Amino acid sequence: RSYGLLGCLFGFVVSPVYVIFTIFDAIIIVIDRIGVTVANNIFHKQWLCFIDTGAEARVYNDVSKVSKTENNISDEGAKRIRDARKIAIDAHHVFDLCKPSFPKDHWHWREVEIETLASKVAENRSKSKLGLSEEEFQTLVKRLDWAKMRMDSMSFNRFCLFVGEAVDGRFYNRCVTSTALVTIPDSASTYMT
């Protein structure tokens, strides 16, 4: 009504195109769901989509920078957030190199074998990729060795806990003793197992 005769004529022209596009999209989704069902149930794949990539969740929003507001966060705080975000993104790249997959009992998160993850972290390019100092790198390697004795696979969230523990001193300026690098307290192991 608000666009008058021109709006009505435009609607008559566009409506068939919209209906055809919707039918085409529905056919693509049906083919995708059938393809995923066959691949996952018959060929034991772990696919979320076959041809319709819109079915995959995009859970990592790319926020390119942290804005500074005078009342809420200091320049130092914003820098720490940017640095921590860069470490997390780099850790995600290293984790993706291990080809994560869903465990057999659920589809809530993906996991990688700890042996594969430890070998990717041990490569020199992963060390430089994560931007770890030698002490931080050794802490992360020790944590992964500790985890190898207790579990077979690891999620990205747990890997982030290990990386976070390795780089903890960078953000809190705490002095870490050499004995702290060897043992893991019981309170921390509760979250890591």
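Thresholds applied
What you see as residue numbers is a count from 1 along each chain, following the sequence as written. In keeping with the predicted nature of the model, local features appear solely for residues at pLDDT of at least 70, side-chain atom pairs appear and are counted solely at 80 or more, and the whole-chain, interface and lining totals rest on all residues. The side-chain values count all of the structure's non-hydrogen atoms but skip hydrogen atoms and water molecules. Nonpolar cores are built from buried Ala, Val, Leu, Ile, Met, Phe, Trp, Tyr and Cys residues. Side-chain atoms within 4.5 Å join them into one set. We call a residue buried when its accessible area falls under 20% of the maximum for its residue type, exposed when it is over 50%, and partly exposed in between, using a 1.4 Å probe and counting protein chains only. It only takes one pair of heavy atoms within 4.5 Å for two residues to be counted as in contact. Each Phe, Tyr or Trp ring (for Trp, its six-membered ring) is paired with any other whose centre lies within 6.5 Å, and the angle between the two planes then decides the class: stacked below 30 degrees, edge-to-face above 60, tilted in between. Comment: elements are numbered from the N terminus, with helices defined as DSSP H or I runs of at least four residues and strands as E runs of at least two. Side-chain atoms alone can form a polar contact between residues adjacent in sequence; in general such a contact is a pair of N or O atoms within 3.5 Å, and within protein one must be able to donate a hydrogen while the other accepts it. We define a salt bridge as a side-chain nitrogen of Lys or Arg found within 4 Å of a carboxyl oxygen belonging to Asp or Glu.

**A closer look at the nonpolar core**
Side chains that are nonpolar tend, in soluble globular proteins, to be buried together.
Next up, step 1: In terms of nonpolar packing, the biggest core is built from 26 residues, with Leu117, Val121, Leu140, Leu144, Met154 and Phe159 touching the most fellow members.
Next up, step 2: Setting aside its immediate chain neighbours within four residues, phenylalanine 159 contacts Ala91, Phe95, Leu117, Val121, Leu140 and Met154.

**Details of the packing of aromatic side chains**
Next up, step 1: Taken as a whole and judged by the stated rule, the model has 4 aromatic pairs.
Next up, step 2: Here phenylalanine 95 and phenylalanine 159 contribute two aromatic rings whose centre-to-centre distance is 6.4 Å and whose plane-to-plane angle is 25°, an arrangement assigned as stacked. Of this pair, phenylalanine 95 sits in helix 2 (residues 75-97) while phenylalanine 159 sits in helix 6 (residues 156-166), placing them 64 residues apart in sequence. In this pair, the class of phenylalanine 95 matches that of phenylalanine 159, namely buried.
Next up, step 3: Ring geometry for tryptophan 146 and phenylalanine 162: centres 6.2 Å apart, planes at 55°, overall tilted. Residue tryptophan 146 is found in helix 5 (residues 134-148), and its partner phenylalanine 162 is found in helix 6; the two are separated by 16 residues along the sequence.
Next up, step 4: Of the residues examined, tryptophan 146 reaches a relative accessible area of 11% and is grouped as buried.

**Let's talk about the environment of phenylalanine 102**
Next up, step 1: With respect to the helices, strands and loops of the structure, phenylalanine 102 is situated in the loop between helix 2 and strand 1 (111-113).
Next up, step 2: Taking the C-alpha atoms as reference points, phenylalanine 102 and lysine 45, separated by 57 residues in sequence, lie 9.9 Å from one another.
Next up, step 3: Once you skip the residues sitting within four places of it in the chain, phenylalanine 102 turns out to touch Gln46, Leu48, Trp107, His108, Trp109 and Arg110.

**A short note on unusual backbone geometry**
Next up, step 1: The residue histidine 44 is not glycine, and still its phi comes out positive at about 55°.
Next up, step 2: Position of histidine 44 relative to the elements: it lies in the loop between helix 1 (4-41) and helix 2.
Next up, step 3: We classify histidine 44 as exposed; its relative accessible area is 66%.
Next up, step 4: Look at lysine 99: it is not a glycine, yet its phi comes out positive at around 55°.

**Some words on the side chain of aspartate 32**
Next up, step 1: With respect to the helices, strands and loops of the structure, aspartate 32 is situated in helix 1.
Next up, step 2: Polar side-chain contacts of aspartate 32 include one of 2.7 Å to the backbone nitrogen of isoleucine 51.

**What to know about the pattern of salt bridges**
Next up, step 1: Scanning the entire structure with this criterion turns up 6 salt bridges.
Next up, step 2: Put simply, lysine 79 and aspartate 83 hold a salt bridge, and the shortest N to O gap is 2.8 Å. Here lysine 79 pairs with aspartate 83, and both are found in helix 2, just 4 residues apart, close to one helical turn.
Next up, step 3: Classification of lysine 79 by relative accessible area gives partly exposed; the value is 41%.
Next up, step 4: For aspartate 83, a relative accessible area of 28% translates into the label partly exposed.
Next up, step 5: Where aspartate 145 meets lysine 148, a salt bridge forms, and the shortest distance between an N and an O atom there is 3.4 Å. Of this pair, aspartate 145 and lysine 148 are both found in helix 5, 3 residues apart, which corresponds to roughly one turn of the helix.
Next up, step 6: Overall, lysine 148 belongs to the partly exposed group, its relative accessible area being 31%.

These figures come from the coordinates and say nothing about function on their own.
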